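# Report on the structure
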Amino acid sequence: MTTQEILAQAIADHRSGKTAEAMALYRKVLEHDPDQVDALRLLGVCQLHAGQGAEAEALLRRALGAAPNNPKIHDNWALVLRGLGRKDEARAASRRAVELAPNEPTILINLVQFELQAGNVDAAIDLLQHILTIQPDAVEARYQLAETYEHMGDAVSAIRESQAVAARAPEQPQIGRKLILDLCLADGDDGSRVAEAAKAWHRRFAAPLRPARPSFTNDLDPERPLRVGFIGGGQLRAHTLTRTLLPIVAAHDASSFKLHAYSDLERDQEDQVSAAFKTHVTWQNTGALSDEAFVERVRQDRIDVLIDPVAFVPGTRFLALARRAAPIQISFPPMTTCGGDTIDYIVADRFMLPPEAERHVAERVLRVPFGMCQVPHFPLPPTGPLPARAAGGAITFGVTNKLIKCSDRALKLWKTILDRVPRSRLLIKAAEFRYAGATSAMTRRLAACGIGAERVKFGSWTDGWAEHMAVYNRIDVALDAMPFASVTTTFDALLMGVPVVTRVGTRILDRYSYSILMAAGVEDGIAFSDDDYVERAVALASDLDRLERWRSTLRQQVLSSPACSGASQARSLQEAIRGAWRDWCKTQRS
């Protein structure tokens, strides 16, 4: 074989995942031609992925010396520098690659990632739009553009781009899944829009995988101890989801329910919450398993009831569920319908899913008294004095949700509230503010709704638990997002003595805070219309004595309520599961 033929075979092996074979061939090429730049740069990339950073750096430096104006080398050099932790140098190298090849989409998309990591959202959007002028059907770029608009808090643009990319790549399940998630952010949807998208996704991707006649050999004794599995995806760690699941798992009846957890976390991603989870379940690491192998593992474990808390979010095992891994498959906690018969039941209370809204879900409903329960993973910091007292009576309203959940309707209502409460201010704290472009974009959105910069304070997200919770010591009244209501941020506010005003909508995810506030016995902020939302916020702001009392009493009230009772939630869920199991046994015998 000629050197070029060897190189071609090496590249083919590299693309097909045969890294060891590719590396051997790249080295063979370099024995014949030590300055062959493609062999140098691609072997360097392989070395980087093999954890051999120093070797990768040496190879890319040789390649740059041989061809200093080759854009592909600069592009690969950027990846190596990033792998070595030299982020600023990596971004500079990527920018140089783009200077040399300004119309090469694969090089441009890499610079997008570097700009996003640096918080330069506006630059990333400009690059993505440039790619789409070159290749209007570039699926990866349009998908990334939708995600970048999410970083900016622009739900309307994110939905538009998700719809566009789904139309161009209807065969890709992860793109259709993302569209469903983005449609959850659409204001004004009564549930039918998301439901139709979920049904279409289910018909295309899930239904063809369902066995014609699923058969199980599970013992049909309706009262025996049940084996219950939890699909964890990448979330069985310090995560909002485990604040819901861990209290239930810790309080379960071990004599009647044997729990299993299937985690796709890498072992080095596990933390103290993972360790706490392991003390109550049979834990299995399943990240390396295909969906088919995952189903086989669950069936080997003879799981009776499989609980999926992940649904359509990244890391989903939904296409494993479609293959019927267990006799009964349940969605808990639910976000929306899964669109078909892959999930048998969703678990909900009457606040989260009233009977009249069941027409939008394909699953049967297992009713529990309260559908939301959370317990913090870490000790709560002290609650501070009421901020309004130190500010001469001036109220600080607070929003601590993701910006993408905050619709223009919400912003307009916040404007009305600020107008009604003299000298009041709005504190908005969001993870997206780590992107410089998100701050300017939110400032523009607020201004368009009539809220001046002098009435608003932005707070960036913080990594530390105590630092994160301390923001509530600067807030007098929390305003919930709409249409996508809060879960964890509602709990956090209440536990720091801050009341929450929520606008109850029609969909499950519009009603999360409603369910939490009912379970906590804090009904003063529950509004059933836009006008009521404003009036309740104004009423709370006008009663400093009540706000001050809550500062010292609300935490204990919430902690003592069903909203934070893992034992109560475990009993309710176990009763619902037992009822579903009895029904399944009955149908199998008939």
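Scope of this entry: the structure provided in the associated data block. No experiment lies behind these values; they were computed from the predicted model shown. (Residues numbered from 1 in each chain as written. Predicted model: local features only at pLDDT ≥ 70, side-chain atom pairs only at ≥ 80, totals over all residues. Heavy atoms only, no water.)

## Some points on the environment of aspartate 33
By the secondary structure assignment, aspartate 33 is in the loop between α2 (19-32) and α3 (37-49). Taking the C-alpha atoms as reference points, aspartate 33 and threonine 3, 30 residues apart in sequence, are found 8.1 Å from one another. (Helix = DSSP H or I, 4+ residues; strand = E, 2+ residues; numbered from the N terminus.)

## Digging into the nonpolar core
The nonpolar side chains of a soluble globular protein tend to be buried, and buried together. Counting residues in hydrophobic clusters, the biggest one holds 120 residues, and the most contacted among them are Phe397, Trp414 and Leu479. Broken down by element, this core gets its largest block of residues, 7 residues, from helix α22 (residues 512-520). Other than its neighbours up to four places away in sequence, tryptophan 414 contacts Val399, Cys406, Leu426, Ile451, Leu479, Asp480 and Tyr533. Within the second largest apolar cluster, 55 residues are counted, among which are Tyr26, Val29, Ala90 and Ala93. (Core = buried A, V, L, I, M, F, W, Y, C linked by side-chain atoms within 4.5 Å. Buried < 20%, exposed > 50% of the residue type's maximum accessible area, 1.4 Å probe, protein only. Contact = heavy atoms within 4.5 Å.)

## Focus: the packing of aromatic side chains
If you walk through the whole model with that rule in mind, you get 14 aromatic pairs. Here the aromatic rings of phenylalanine 433 and phenylalanine 458 are separated by 4.7 Å at their centres, their planes lie at 45 degrees, and the arrangement is tilted. Remark: phenylalanine 458 occurs in strand β10 (residues 456-460) and phenylalanine 433 occurs in the loop between β9 (425-430) and α19 (436-448); sequence separation between them is 25 residues. On the accessibility criterion, phenylalanine 458 (26% relative accessible area) is partly exposed. Between the aromatic rings of tryptophan 581 and tryptophan 584, the centroid separation amounts to 5.1 Å while the plane-to-plane angle is 25 degrees, which identifies the pairing as stacked. With a gap of 3 residues between them, tryptophan 581 and tryptophan 584 both fall in helix α25 (residues 566-589), about one helical turn apart. (Phe/Tyr/Trp six-rings, centres within 6.5 Å; stacked < 30°, edge-to-face > 60°.)

## Section: the side chain of threonine 396
Along the chain, threonine 396 falls in strand β8 (residues 396-399). Every residue in contact with threonine 396, bar those within four places of it in the chain, is listed here: Arg425, Leu427, Arg474, Ile475, Asp476 and Val477.

## Some points on empty space enclosed by the protein
Counted under the stated rule, the structure contains 3 cavities of 30 Å³ or more. Within this model, the largest cavity holds a volume of roughly 130 Å³. Lining the largest cavity are 15 residues, and of these Gly191, Thr336, His360, Arg507 and Ile508 lie nearest its centre. Looking at the lining of the largest cavity residue by residue, the class counts come to 8 nonpolar, 5 polar and 2 charged. Lining the second largest cavity we find Val228, Phe230, Ile248, His252, Phe257, Leu259, Leu573, Gln574 and Ile577. Considering each element in turn, the lining of the second largest cavity owes the most residues, 3 residues, to α25. Looking at the lining of the second largest cavity residue by residue, the class counts come to 7 nonpolar, 2 polar and no charged. (1 Å grid on protein atoms, 1.4 Å probe; cavity = no way out; pocket = protein on both sides within 12 Å on 5 of 7 lines; lining within 4 Å. Points joined across faces, edges and corners; volume = space filled by probe spheres on them. Nonpolar A, V, L, I, M, F, W, Y, C, P; charged D, E, K, R; others polar.)

## What about the layout of surface pockets?
Looking at the second largest pocket, its volume works out to about 490 Å³. Lining of the second largest pocket is provided by 18 residues; of these, Arg41, Leu42, Lys72, Asp75 and Asn76 occupy positions nearest its centre. Broken down by element, the lining of the second largest pocket gets its largest block of residues, 5 residues, from α3. In terms of residue class, the lining of the second largest pocket is made up of 7 nonpolar, 5 polar and 6 charged.

## A closer look at helix α18 (residues 408-420)
A rise of 1.5 Å per residue sets the reference length of α18, with its 13 residues, at 18 Å; its end C-alpha atoms lie 19 Å apart and thus fit the reference within 8%. Tucked into the core, α18 has its buried residues touching β8, β9, α19, β11 (477-479) and α23 (530-541). (Expected span 1.5 Å × (residues − 1).)

## Focus: the pattern of salt bridges
Enumeration over the complete set of coordinates arrives at 36 salt bridges. A salt bridge links arginine 420 to glutamate 535; the shortest N-O distance between them is 2.9 Å. Residue arginine 420 is found in helix α18, and its partner glutamate 535 is found in helix α23; the two are separated by 115 residues along the sequence. Ionic pairing is found between arginine 507 and aspartate 510, a salt bridge with its closest N-O pair at 3.0 Å. Neither arginine 507 nor aspartate 510 differs from the other in exposure class; each is buried. (Salt bridge = Lys/Arg side-chain N within 4 Å of Asp/Glu carboxyl O.)

## Regarding the sheet that holds β11
Ordered in space as β10-β9-β8-β11-β12-β13, the 6 strands form an open sheet in which the pairing is parallel. The sheet is open, and its two edges are formed by β10 and β13 (526-527), each paired on a single side. On the sheet, α22 packs against β12 (500-503) and β13 and is oriented at approximately 135 degrees with respect to β12. (Pairing = 2+ DSSP bridges. Axes fitted to C-alpha atoms, helices over the stretch in contact; angles between N-to-C directions.)

## Side note on the side chain of threonine 337
Relative to the assigned elements, threonine 337 resides in the loop between β5 (328-331) and β6 (345-348). On the basis of relative accessible area, threonine 337 is assigned to the buried category, the value being 1%. There is a polar contact of 3.1 Å between the side chain of threonine 337 and the backbone nitrogen of glycine 339. Reaching out from threonine 337, the side chain makes a polar contact with the side chain of glutamate 363 at a distance of 3.0 Å. (Polar contact = N/O pair within 3.5 Å; in protein donor to acceptor, adjacent residues only side chain to side chain.)

## Topic: the sheet that holds β6
Taking strand neighbours across the sheet as the criterion, the 7 strands line up as β3-β2-β1-β4-β5-β6-β7 in an open arrangement whose pairing is parallel. Of all the strands in the sheet, just β3 (282-285) and β7 (364-367) have a single pairing partner and so form its edges. Averaged over all neighbouring strand pairs, the angle between strand axes comes to 25 degrees, with direction disregarded. Bridge count for strand β1 (residues 226-233) against strand β4 (residues 305-308) is 3 bridges, and the pairing is parallel. Bridging from a neighbouring strand, glycine 229 pairs with leucine 306 of β4. Contacts between helix α15 (residues 291-300) and the sheet are confined to β1, β2 (257-263), β3 and β4, with β2 contributing the most and set at about 165 degrees to the helix. Contacts from α25 reach β1, β2, β4, β5, β6 and β7, with the element oriented near 145 degrees to β5.

## Focus on the packing of α3 against helix α4 (residues 53-66)
A pair of packed helices is characterised by two quantities: the angle between their axes and the separation of those axes. Contact geometry of α3 with α4 gives a least axis separation of 8 Å together with a crossing angle of 160 degrees. By the angle between their directions, the pair α3 and α4 is classed as roughly antiparallel. When you trace α3 past α4, the crossing you get is left-handed. In this structure, α3 uses Val37, Leu40, Arg41, Leu43, Gly44, Val45, Gln47 and Leu48 to contact α4, whose residues at the interface are Glu55, Ala56, Leu59, Leu60, Arg62, Ala63 and Ala66. The residue makeup of the contact of α3 with α4, split by class, is 10 nonpolar, 2 polar and 3 charged. (Parallel < 35°, antiparallel > 145°, perpendicular 65-115°, else oblique. Left-handed = near helix turned anticlockwise from the far one by under 90°.)

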